[in-house]
Amino acid sequence: MDREEVQSRRAYNQIWNGAGRYDIHPEQAAFDTEGDADLYMNTVMGLAYGQYDFARFQPMLHSFQQQIKGGLYTDVFWLGLEHAVFTRAEKDRPALPVLRRAYAQRILSQPHPQDPRESAQGLQAAWAQRLITEKAPEDPWLSGLLTALDYDPEWKEQRVINHTEELLFKFYNRPRRSVTDRQWAAFAGRNIVGKGGGIRLIRPNALRALGRTDPGEGTGGGGEGKPLRLLSFLQGRTPEPILRRYVESCFGASMLTPSELHAAEQELCTDVHRNCYLHFTKGTPISHQMAPEAAWDVQNFKRQREKNRAYYQANLTQNRLTIAQLTQKLQNTLLLTQDEDPTPSRVGQLCGKVAWRAVLLGDGRVFSRRSDAQPGELSVDILLDGSASQNRQQEKLATQAYIIVESLTRCAIPVRVISFCSVSGCTVLQILRDYDKPEENQRVFDYVSAGWNRDGLALRATSWLMRRGRSSPNRLLLILSDASPNDDQRIPIGALPLGGYNYSGKRGVDDTAAEAAVLRRQGIRPVCIFTGSDRELPAARKIYGQAMERIPSVGWFADAVSRLLCRQLRQL
């Protein structure tokens, strides 16, 4: 278990302690600038979960993700709610005022921007300064904002929401949300904490707002186009041409012709995946102009790929040792599977110690033969969960995938690496490294995470790719995933064009488990390297059964992966 996971668990425990219950699943947690769980703010968040019906706040918090100042707006909400829950709980929790003051002092001890109009850190510092000095700032605007952040502890959820939106409108000129905005904001957002500490949401893909403007309209194609009518907002649908242009700009041109892609969607996007799209790519840059909505994401992906490579180089000695260990363990297993079959045979290599039977007994079974499981008859596909739930461990996942790929390459086993995610109902499968191309191993570091994950459709599409690729008799599918399917495209009900069930929770897990069972019947062995937390572990076991390993720490990576792969190789 690495330090980041330890701190994440500590943060959850602090939230659960504040809430006084363990059945909540917080989407956010607070960390300081060193990446350690922040006791005071996590306690405040737990108190908020305990004192309010927190699900009522989620649509508003998710709507912040669509805006450039979303992190600032989130901090405004939490600073206001902090006053309410602190006022309610300080009598029952004598340590709370001490923790609050210490939290404020830590904020002031860190360098921070001066303008609270543009910076969440600046606003936090102004809040902390007022708490420590007990004096209002001289700036009338800032003084009015801090006063407005003194939320009344008697307010109910809707009053808190209304006040927050009025406050943001008055002090930050943020437009009040319309009914349609509220529908768009109702998706289950993915949240992480930035390296600078505090409470943060990831910036969503620009695709979340694609349905609002037509990038083809307007001056110079700059994205300032005329509004489009929002269709099927209950499904979160984006017009297909805009969607196709966006995913090609972000992930690369399609590797299939339009007719091939149409045929694939007709075959694969059925049943619970009806109304979904597919995009298969090798990451080839597009030849036409990039969609303006994708510019931020493309630059962010580029920075993340640089981080992936830097992370590997920073731990180069340990990584090389792990590759050597895993390679040796796999080679030993392959040698064992190629041992001579003890059963006598009429063909094969002559076995000298029983050759006498041919002369004296007329028994022609004096030969031994190799087992069928030769390296050349095995191929491995690696499927990487590229959804936003992996945001906090992208570098680690890229490194783990590279270690596996490099080890398999040294064992002369054909391997292909595919990452998948889903954006606005389109499941994207990007081939990072293809069979028989060891020179592409470094491309594994191009892995990035974004969007959602429709695991069932990803498994179905990967099976389709494997069937049309190499014809190896022994095929292994290695999945690095947190076993937590979650997609914004709903499961349709009958012929209804709108609504449906959420693709998450039990329905998502059941669908993924069904697709894994189909893979087994097709002769493809799905095995999982589990990257999630204890909460998702039962789902992983339901989907993959015993064909699953959890990596306890970096030092145990070679042992855990070799144990999983070797167990499968012996069964070939």
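Residues numbered from 1 in each chain as written. Predicted model: local features only at pLDDT ≥ 70, side-chain atom pairs only at ≥ 80, totals over all residues. Heavy atoms only, no water.

A. Just the overall build of the protein, in detail. Of regular secondary structure, the protein possesses 19 helices and 12 strands. If you take every contact in the protein between residues at least 6 apart in sequence, the share linking residues at least 24 apart comes to 72%. Here the protein displays about 25800 Å² of accessible surface, and carbon together with sulfur accounts for 52% of that area. (Helix = DSSP H or I, 4+ residues; strand = E, 2+ residues; numbered from the N terminus. Contact = heavy atoms within 4.5 Å. Areas by Shrake-Rupley, 256 points an atom, 1.4 Å probe, with all protein chains shown as cover.)

B. Here's a closer look at the side chain of Ser 463. Assignment of secondary structure puts Ser 463 in helix α16 (residues 455–467). A residue is classified by how much of its surface remains accessible, and Ser 463, at 3% relative accessible area, is buried. (Buried < 20%, exposed > 50% of the residue type's maximum accessible area, 1.4 Å probe, protein only.)

C. Structural view of the environment of Arg 416. Within the secondary structure, Arg 416 sits in strand β6 (residues 415–423). Linking Arg 416 and Lys 437, residues 21 residues apart in sequence, is a C-alpha distance of 8.7 Å. Beyond its immediate stretch of four places on either side in the chain, Arg 416 contacts Val 380, Asp 381, Ile 382, Ile 431, Arg 433, Asp 434, Tyr 435, Leu 465 and Met 466.

D. Just the nonpolar core, in detail. Counting residues in hydrophobic clusters, the biggest one holds 57 residues, and the most contacted among them are Phe 77, Leu 81 and Tyr 172. Contributing elements (two or more residues each) for this core: α1 (3–19), α2 (39–51), α3 (58–64), α4 (70–89), α5 (96–109), α6 (120–133), α7 (140–148) and α8 (157–172). Of the residues forming this core, the biggest block, 11 residues, is contributed by α4. Residues contacting Leu 81, with those up to four places away along its chain left out, are Ala 48, Tyr 52, Phe 54, Phe 57, Tyr 151 and Val 160. Grouped together as the second largest cluster of nonpolar side chains are 40 residues, Tyr 312, Ile 403, Tyr 447 and Ala 558 included. (Core = buried A, V, L, I, M, F, W, Y, C linked by side-chain atoms within 4.5 Å.)

E. Molecular detail of the environment of Leu 537. Mapping Leu 537 onto the fold places it in helix α18 (residues 537–544). In this structure the C-alpha to C-alpha distance between Leu 537 and Arg 550, which are 13 residues apart in sequence, comes to 9.1 Å. Filtering out sequence-adjacent residues up to four positions away, Leu 537 remains in contact with Phe 530, Met 548 and Arg 550.

F. Up close: the confidence of the model for the protein. On average, residues of the protein carry a pLDDT of 80, and 81% of them reach 70 or more. Every residue in residues 178–196 is under pLDDT 50, and counting partners more than four places away or in other chains gives 58 contacts. Ignoring residues within four places in sequence, the model shows residues 199–236, a span with pLDDT below 50, making 106 contacts including any to other chains. (pLDDT = per-residue confidence, 0-100.)

G. Just the sheet that holds strand β12 (residues 548–550), in detail. Pairing within the open sheet is mixed, and its seven strands lie in the order β1-β7-β6-β5-β8-β11-β12. This sheet does not close on itself; its edge strands, each paired only once, are β1 (277–281) and β12. Neighbour to neighbour, the strand axes of the sheet diverge by 20 degrees on average, direction disregarded. Bridge analysis of strand β11 (residues 524–530) against β12 gives three bridges, and the strand direction is parallel. Considered in β12, the bridge of Ile 529 is made with Glu 549. In this fold helix α15 (residues 394–410) packs onto β5 (378–385), β6, β7 (426–433), β8 (474–481) and β11, with an angle of close to 175 degrees to the strand it touches most, β5. Packing of α18 onto the sheet brings it into contact with β8, β11 and β12, and relative to β12 it is tilted by some 155 degrees. (Pairing = 2+ DSSP bridges. Axes fitted to C-alpha atoms, helices over the stretch in contact; angles between N-to-C directions.)

H. Highlighting the pattern of salt bridges. A complete count under the given rule lists 20 salt bridges for this structure. Note that Arg 416 is salt-bridged to Asp 381, the shortest N-O span being 2.7 Å. Placement of the pair is Arg 416 in strand β6 and Asp 381 in strand β5, with a sequence separation of 35 residues. With respect to burial, Arg 416 and Asp 381 carry one shared label: buried. One salt bridge in this structure joins Glu 536 and Arg 535, with 3.5 Å as the shortest N-O distance. Given the relative accessible area of 12%, Glu 536 is considered buried. Overall, the relative accessible area of 46% leaves Arg 535 in the partly exposed class. Each of the salt bridges in this network shares a partner with another, and the network as a whole consists of Arg 9, Asp 534 and Arg 550. (Salt bridge = Lys/Arg side-chain N within 4 Å of Asp/Glu carboxyl O.)

I. Molecular detail of a nonpolar patch on the surface. A cluster of nonpolar side chains, Trp 356, Val 359, Leu 360 and Leu 361, forms an exposed patch at the surface whose accessible area comes to about 490 Å². By the secondary structure assignment, Trp 356 is in helix α14 (residues 356–360). Since its relative accessible area comes to 44%, Trp 356 is described here as partly exposed. (Patch = residues over 30% accessible without salt bridge, like charges linked within 9 Å, V, L, I, M, F, W, Y side chains within 5 Å.)

J. Up close: the packing of α16 against helix α17 (residues 505–521). The N-to-C vectors of α16 and α17 enclose an angle of 20 degrees; their axes lie 7 Å apart at closest approach. Put simply, α16 runs roughly parallel to α17. Considering how the two elements wind past one another, α16 and α17 form a crossing that is left-handed. Residues Asp 455, Gly 456, Leu 457, Leu 459, Arg 460 and Ser 463 of α16 form the contact with α17, whose own contacting residues are Asp 511, Thr 512, Glu 515, Ala 516 and Leu 519. When its residues are assigned to classes, the contact of α16 with α17 shows four nonpolar, three polar and four charged. (Parallel < 35°, antiparallel > 145°, perpendicular 65-115°, else oblique. Left-handed = near helix turned anticlockwise from the far one by under 90°. Nonpolar A, V, L, I, M, F, W, Y, C, P; charged D, E, K, R; others polar.)

K. View of the packing of aromatic side chains. Under the criterion given, the structure shown has 19 aromatic pairs. Judged by centre distance (5.6 Å) and plane angle (85 degrees), the ring pair of Trp 141 and Tyr 172 falls under edge-to-face. One end of the pair, Trp 141, is in helix α7; the other, Tyr 172, is in helix α8, and 31 residues separate them in sequence. Side by side, Trp 141 and Tyr 172 carry an identical accessibility label, which is buried. When the ring centre of Phe 86 is taken as reference, the NZ or CZ atom of Arg 100 above it lies at 4.0 Å. Directly above the ring of Tyr 501 sits Arg 507, whose terminal nitrogen or CZ lies 3.7 Å from the centroid. (Phe/Tyr/Trp six-rings, centres within 6.5 Å; stacked < 30°, edge-to-face > 60°. Lys NZ or Arg CZ within 6 Å of the ring centre and 35° of its normal.)

L. Spatial organisation of the pairing of β1. The buried fraction of β1 amounts to five of the five residues, a majority that puts the element mostly inside the structure. Both faces of β1 are covered, namely the face carrying Tyr 277, His 279 and Thr 281 and the face carrying Leu 278 and Phe 280. Pairing between β1 and β7: five bridges, direction parallel. Paired with Tyr 277 across the two strands is Cys 426, which belongs to β7.

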